[in-house]
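# A closer look at the structure
Chain by chain, the residues:
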Amino acid sequence: MSPPPRTSSVDAARAEAAANAVRGMGAARMAIVISGLLGAVKFTAGVLGHSYALIADGIESLVDIVASIAVWGGLKVAAADPSQRFPYGYGKAEPLVGLVISAGLVCVAGVLAVQSIHEIRAPHLGPEPFTLLVLVAVVAVKELLFRWLVKTGKEIGSSAMQSDAWHHRSDALTSLAAFVGITIALWGGKGYEAADDWAALAACGLIAFNGVRLFRDALGEILDAAPPAETLQKIRDVAAGVAGVTGIDDCRARKSGLGWLVDIHVEVDGEMPVREGHRIAHEVKDALLASDAAVLDALVHIEPSGFVAPGSARG
């Protein structure tokens with residue numbers, strides 16, 4: 001009797017990934033609304049309060065809107081079902097968005113740095129005291145938004161959302177730097193007006209640093225970098241726990257959207273019938289898809305115990 005179809009387990013894994021994508025899109029929409037409101041408040045307060053650091057901060061919040069829209073679109077595309085042309089699905093859209101967002105962070109930092117230097121060299125009015133109250137509220141809201149998005153991004157396995165979260169953390173750092181600069185400008189009085197602009201310049205360095213770090217992470221995912229050691233070990237442990245499996249010969253995984261595509265070689269008794277080995281392979285696949293390792297699909301290869309395939313990475 002042939003084994004029953006196993007497509008349901010794959011469908012269930014992809015359905016879970018789709019549900020996570022919906023959750024991520026909801027978070028991205030909320031981030032868009034919050035960034036829009038904060039950006040408008042900061043830009044207006046910066047113009048009225050003569051603070052370039054606050055104006056720059058407001059511009060970055062508007063950039064955050066574009067980043068969150070990109071995350072929303074990337075998650076929507078990544079959650080789409082595989083097609084004949086793209087049999088592995090559209091998961092790479094998600095880190096590609098993260099790559100674009102991180103590159104955008106670096107570009108924004110460069111533009112704001114140039115403008116900050118220009119403001120330092122040009123005489124201008126000092127900032128108004130009320131801008132400090134605006135910044136206190138902004139830092140608090142942005143930090144809370146950062147923590148929420150990082151938590152959500154980790155729970156659904158979205159690198160793009162975590163990149164977007166750092167966009168908001170960078171925004172909070174920019175606001176904090178602006179707060180320090182405005183405080184110095186107000187405390188020092190005449191001759192210290194540029195402290196506000198020096199604060200904006202310092203914040204640009206923090207933004208660029210985070211952009212480079214996130215760019216590296218997203219690029220690694222696009223190039224199929226190996227998963228963390230604990231993730232790979234969890235996959236190996238799940239497969240090794242299936243009845244009939246005597247060992248794991250090789251195991252590889254690559255990120256696809258919000259989950260992992262796994263290639264694994266498992267060892268079984270070399271004397272067992274082919275049909276029995278085939279059944280065990282399906283059991284391994286089902287176990288991986290049902291685990292909490294976020295496996296979307298698995299290709300299971302059966303090896304007889306003690307056999308070492310040429311070029312295999314045993315252990």
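Sequence order as written defines residue numbering, which begins from 1 separately in each chain. Residue-level local features of this predicted model are given only where pLDDT is at least 70; pairs of side-chain atoms are given and counted only at 80 or more, and the full residue set underlies all totals for whole chains, interfaces and linings. Excluded from the side-chain calculation are hydrogens and water; included are all heavy atoms of the structure.

This brings us to the overall build of the chain. Secondary structure follows DSSP: runs of H or I at least 4 residues long count as helices, runs of E at least 2 residues long count as strands, and numbering of each begins at the N terminus. A tally of regular secondary structure across the chain gives eight helices and three strands. Across the 315 residues that make up the chain, the buried fraction comes to 46%. In short, Shrake-Rupley with a 1.4 Å probe defines the accessible areas, and a residue's cover is counted only from the protein chains shown. Summed over all atoms, the accessible surface of the chain reaches about 15300 Å², with 68% contributed by carbon and sulfur. For every residue, the accessible area obtained with a 1.4 Å probe (protein chains only) is divided by the maximum for its type, and the residue is called buried under 20%, exposed over 50%, and partly exposed between those limits.

Turning next to the layout of surface pockets. Grid spacing is 1 Å over the protein atoms alone, the probe is 1.4 Å, and a cavity is where that probe fits but cannot get out, while a pocket is an open set with protein on both sides within 12 Å along at least five of seven lines and lining residues have an atom within 4 Å of a point. Grid points are joined across faces, edges and corners, and a volume is the space filled by probe spheres set on the points. Approximately 170 Å³ is the volume attributed to the second largest pocket. Contributing elements (two or more residues each) for the lining of the second largest pocket: strand 2 (259-268) and strand 3 (295-304). Just so you know the grouping, Ala, Val, Leu, Ile, Met, Phe, Trp, Tyr, Cys and Pro go in nonpolar, Asp, Glu, Lys and Arg go in charged, and all remaining residues, Gly too, go in polar. The class makeup of the residues in the lining of the second largest pocket is six nonpolar, no polar and five charged.

Okay, the confidence of the model for the chain next. As a per-residue measure, pLDDT tells how confident the predictor is, with possible values from 0 to 100. Per-residue confidence for the chain gives a mean pLDDT of 79; residues scoring 70 or more make up 85%. Per-residue pLDDT stays below 50 along residues 1-6; that stretch engages in six contacts with residues further than four places along the chain or on separate chains. Residue contacts are defined here by distance: any two heavy atoms, one from each residue, within 4.5 Å place the two residues in contact.

Okay, helix 8 (residues 274-290) next. Helix length check: helix 8 (17 residues) gives 24 Å between terminal C-alpha atoms against 24 Å at 1.5 Å per residue, within 8%. Looking only at helix 8, the buried set comprises G277, I280, A281, V284, K285, D286, L288 and L289. To estimate the expected span of a helix, subtract one from its residue number and multiply by 1.5 Å.

Okay, unusual backbone geometry next. Even without being a glycine, D224 presents a positive backbone phi close to 60°. The residue D224 is located in the loop between helix 6 (195-222) and helix 7 (229-240) in this model. Unusually for a residue other than glycine, A294 sits at a positive phi of about 60°.

The subject of this paragraph is the pattern of salt bridges. Here a salt bridge means any side-chain nitrogen of Lys or Arg lying within 4 Å of a carboxyl oxygen belonging to Asp or Glu. The final tally for this structure, using the stated rule, is eight salt bridges. Between E143 and R147 there is a salt bridge; the shortest N-O distance is 3.1 Å. In this pair, E143 and R147 are both assigned in helix 4 (residues 130-156), four residues apart and thus about one turn of the helix distant. For R147, a relative accessible area of 53% puts it in the exposed group.

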